[in-house]
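Understanding the architecture of this molecule
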Amino acid sequence: MTEPSPGLTSGAVARRLGVAPTTLRSWDRRYGIGPAAHESGRHRRWSPDDIAVLQEMCRLTASGVPPAEAARAARSGAAPAAPAPGEAPARPAARGPGPVLGDVRRELRGLGRAAVRLDSGAMDELLGSAIARHGLVTAWEEVLAPALHAVGRKWETSEDRYVEVEHLLSWHVSTALRRVGSAGRARTPEAGTPPVLLACVPHEQHTLPLEALAAGLAELGVPTLMFGAAVPPEALDQAVRRTGPAAVALWAQARSTADHPLARHVADTSWGVRGARSRTAVLLAGPGWAGRTPGPGMLRPTGLREALSLLRGLCAAARDGEGATAASGGS
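A quick note: this is a predicted structure, and the numbers were derived from the prediction, not measured. Residue numbers restart at each chain and count upward from 1, following the sequence in its written direction. Only residues with pLDDT of at least 70 get local features here, since the model is predicted, and only at 80 or more are side-chain atom pairs given and counted; chain-wide, interface and lining totals rely on the full set of residues. With hydrogens and water stripped out, all remaining heavy atoms of the structure feed into the side-chain values.

**Concerning the overall build of the protein chain**
Only DSSP runs of H or I reaching four residues or more are called helices, and only runs of E reaching two or more are called strands; each is numbered from the N terminus. Across its full length, the protein chain holds 13 helices and nine strands. When burial is assessed residue by residue, the protein chain has 46% of its 331 residues classed as buried. Throughout, a residue-residue contact means that at least one pair of heavy atoms, one from each residue, lies within 4.5 Å. Once local pairs closer than 6 in sequence are excluded, the contacts in the protein chain between residues at least 24 apart make up 69%. To be clear on the numbers: accessible area is Shrake-Rupley with a 1.4 Å probe, and residue cover counts the displayed protein chains and nothing else. Of the roughly 16,800 Å² of accessible surface on the protein chain, 52% is carried by carbon and sulfur atoms. With a 1.4 Å probe rolled over the protein chains alone, any residue whose accessible area is under 20% of its type maximum counts as buried; one over 50% counts as exposed, and the rest are partly exposed.

Structure representation (structure tokens):
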């Protein structure tokens with residue numbers, strides 16, 4: 001695309017790239033990434049070549065390359081040492097399967113920097129690349145969840161600054177997880193498989209871990225019903241009785257929201273004809289449930305990988321007519 005001959009203003013370039021104007025000024029002052037033809041006393045104007053350098057700078061920093069190194073590479077056009085998002089990194093032949101620690105850390109840093117810049121395009125690219133490269137579970141445990149925690153800590157320690165960063169990153173993580181789930185749900189689940197019901201306990205608003213669980217179950221071909229945040233007890237009870245799920249996953253982020261009587265009620269809920277009634281297993285998901293031994297019919301997985309394994313087994317047992325046995329024996 002050919003730009004107007006006078007070039008674009010810093011504000012127009014910032015909007016185009018999704019960065020703050022102050023970031024452009026900082027890059028110019030620190031690393032010399034500025035308009036080539038800038039004249040003192042006049043408004044800064046960016047030519048197409050200047051913008052191309054900026055675009056490369058954004059891409060490299062979003063992939064985790066340190067700003068100074070990214071600036072040198074962007075100005076010279078040399079390939080950086082770090083892989084670009086979406087490209088497979090070179091790995092030593094002696095390494096076994098699994099993510100390379102340096103790659104994961106680089107992706108995590110890149111995602112955090114893109115979030116702070118409010119760079120939507122870079123976040124989408126980095127999230128998609130991490131999931132495609134490492135798989136959903138590893139990407140969630142090593143990149144997505146740590147990035148969310150880091151942004152949350154930054155907000156908590158900066159007098160309520162960066163709230164917009166946390167909200168935007170959460171939205172993009174949710175979007176990436178739903179893409180995975182949509183692709184998985186395109187496959188028809190095995191006939192007779194009852195669903196897994198996913199819900200946050202009342203007063204719990206954190207849904208992203210449940211969305212990761214829903215995406216992982218979709219990849220496994222397990223049908224789910226996602227009820228989301230702060231589900232009222234009455235609604236949860238009705239959903240269990242109406243659907244007869246293979247399992248119910250209840251998420252509690254904090255001990256203050258973990259509702260043990262509700263979990264006990266769900267585990268004790270039965271349905272079906274007299275003499276052949278069934279119950280469901282309850283997964284106590286999230287750190288809020290820590291500190292107590294799960295009761296009969298309850299399971300407390302340690303993370304996403306274990307939760308997926310448990311739920312897959314429970315669904316298979318329920319499909320084969322062993323649901324009541326599996327639910328009553330899991331503790």
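What follows continues from the structure just given.
**Quick word on the layout of surface pockets**
Leftover empty space is mapped by rolling, across the atoms, a probe with the size of a water molecule. Of the grid points, spaced at 1 Å and generated over the protein atoms alone, those admitting a 1.4 Å probe that cannot get out make up cavities, while open sets with protein on both sides within 12 Å along at least five of seven lines make up pockets; any residue with an atom within 4 Å of a point is treated as lining. Grid points are joined across faces, edges and corners, and a volume is the space filled by probe spheres set on the points. Space inside the largest pocket adds up to approximately 900 Å³. Elements that contribute at least two residues to the lining of the largest pocket include exactly helix 7 (136-156), helix 8 (163-185), helix 9 (208-219) and helix 12 (304-319). Of the residues forming the lining of the largest pocket, the biggest block, nine residues, is contributed by helix 7. Split by residue class, the lining of the largest pocket holds 16 nonpolar, 10 polar and five charged. Under the scheme applied, nonpolar residues are Ala, Val, Leu, Ile, Met, Phe, Trp, Tyr, Cys and Pro; charged residues are Asp, Glu, Lys and Arg; polar residues are all the others, including Gly.

**Digging into the side chain of Glu204**
With respect to the helices and strands, the residue Glu204 is situated in the loop between strand 3 (196-200) and helix 9. The side chain of Glu204 is buried and forms no salt bridge, while Arg255, the nearest opposite charge, is found at 12 Å. We call two N or O atoms a polar contact when they sit within 3.5 Å, provided that within protein one can donate a hydrogen and the other can accept it, with sequence-adjacent residues counted only if both atoms are side-chain atoms. Within the structure, Glu204 has its side chain in polar contact with the side chain of His206 (distance 2.7 Å). A polar atom in the side chain of Glu204 sits 2.8 Å from the backbone nitrogen of Gln253. When near neighbours in sequence (up to four residues on either side) are disregarded, Glu204 contacts Ala229, Ala230, Trp251, Ala252, Gln253, Ala254 and Thr257. This count recognises Lys and Arg as positive and Asp and Glu as negative, with His and chain-terminal groups excluded. What counts as a salt bridge is simple: a side-chain nitrogen of Lys or Arg found within 4 Å of a carboxyl oxygen of Asp or Glu.

**A short note on the pattern of salt bridges**
Taken as a whole and judged by the stated rule, the model has five salt bridges. Residues Glu211 and Arg178 are paired through a salt bridge, measuring 3.7 Å at the closest nitrogen-oxygen approach. Here Glu211 is found in helix 9, whereas its partner Arg178 is found in helix 8, with 33 residues between them in sequence.

**Considering the nonpolar core**
If you look at the biggest cluster of nonpolar residues, it comprises 52 residues, and the most contacted ones within it are Trp140, Leu144, Leu169, Val173 and Leu213. No other element matches helix 7, which puts 10 residues into this core. Not counting chain neighbours up to four residues away, the residues in contact with Trp140 comprise Ala145, Pro146, Leu148, Val173, Leu177, Leu208, Pro209, Ala212 and Leu304. In this description, a nonpolar core means a group of buried Ala, Val, Leu, Ile, Met, Phe, Trp, Tyr and Cys residues linked to one another through side-chain atoms lying within 4.5 Å.

**Some remarks on the packing of helix 6 (residues 120-134) against helix 8**
Relative orientation of the contacting elements helix 6 and helix 8 amounts to 40°, with a least axis distance of 10 Å. Taken as axis vectors, helix 6 and helix 8 run oblique relative to one another. Handedness of the crossing formed by helix 6 with helix 8: right-handed. The segment helix 6 lies against helix 8, with Ser120, Met123, Asp124, Leu127 and Ile131 engaging Leu168, Leu169, His172, Val173, Ala176, Arg179 and Val180. Helix axes are fitted to C-alpha atoms over the stretch in contact, other axes to C-alpha atoms as well, and angles between N-to-C directions run from 0 to 180 degrees. To sort the angles, those under 35 degrees are grouped as roughly parallel, those over 145 as roughly antiparallel, those from 65 to 115 as roughly perpendicular, and the leftovers as oblique. Take the far helix as your reference; a near helix turned counterclockwise from it by less than a right angle gives a left-handed crossing, and one turned clockwise gives a right-handed crossing.

**Points about the confidence of the model for the protein chain**
Averaged over every residue, the pLDDT of the protein chain is 80; the share at 70 or more is 79%. Per-residue confidence from the predictor is given as pLDDT, running between 0 and 100. Confidence drops under a pLDDT of 50 for residues 1-5, and excluding neighbours within four residues, the segment shows five contacts in the predicted structure. Low pLDDT, under 50, characterises residues 79-100; the predicted model gives this stretch 34 contacts beyond four residues in sequence or across chains.

**Let's talk about the pairing of strand 3**
Counting buried positions over the five residues of strand 3 gives five, a clear majority of the element. Residues Val196, Leu198 and Cys200 point to one face of strand 3 and Leu197 and Ala199 to the other, with burial holding for every one of them. Two strands qualify as a pair provided DSSP detects at least 2 bridges between them. As paired elements, strand 3 and strand 4 (residues 224-228) share four bridges and run parallel to each other. Bridge pairing in strand 4 places Leu197 opposite Leu225. Assignment of crossover handedness uses the view with strands pointing away from the viewer, where a clockwise path from the first strand over the helix to the second indicates a right-handed crossover. In this region the chain leaves strand 3, passes through helix 9 and returns to the parallel neighbour strand 4; the handedness of that crossover is right-handed. With five bridges joining them, strand 3 and strand 5 (residues 247-251) adopt parallel strand pairing. From the neighbouring strand, Leu198 faces strand 5, where its bridge partner is Ala249.

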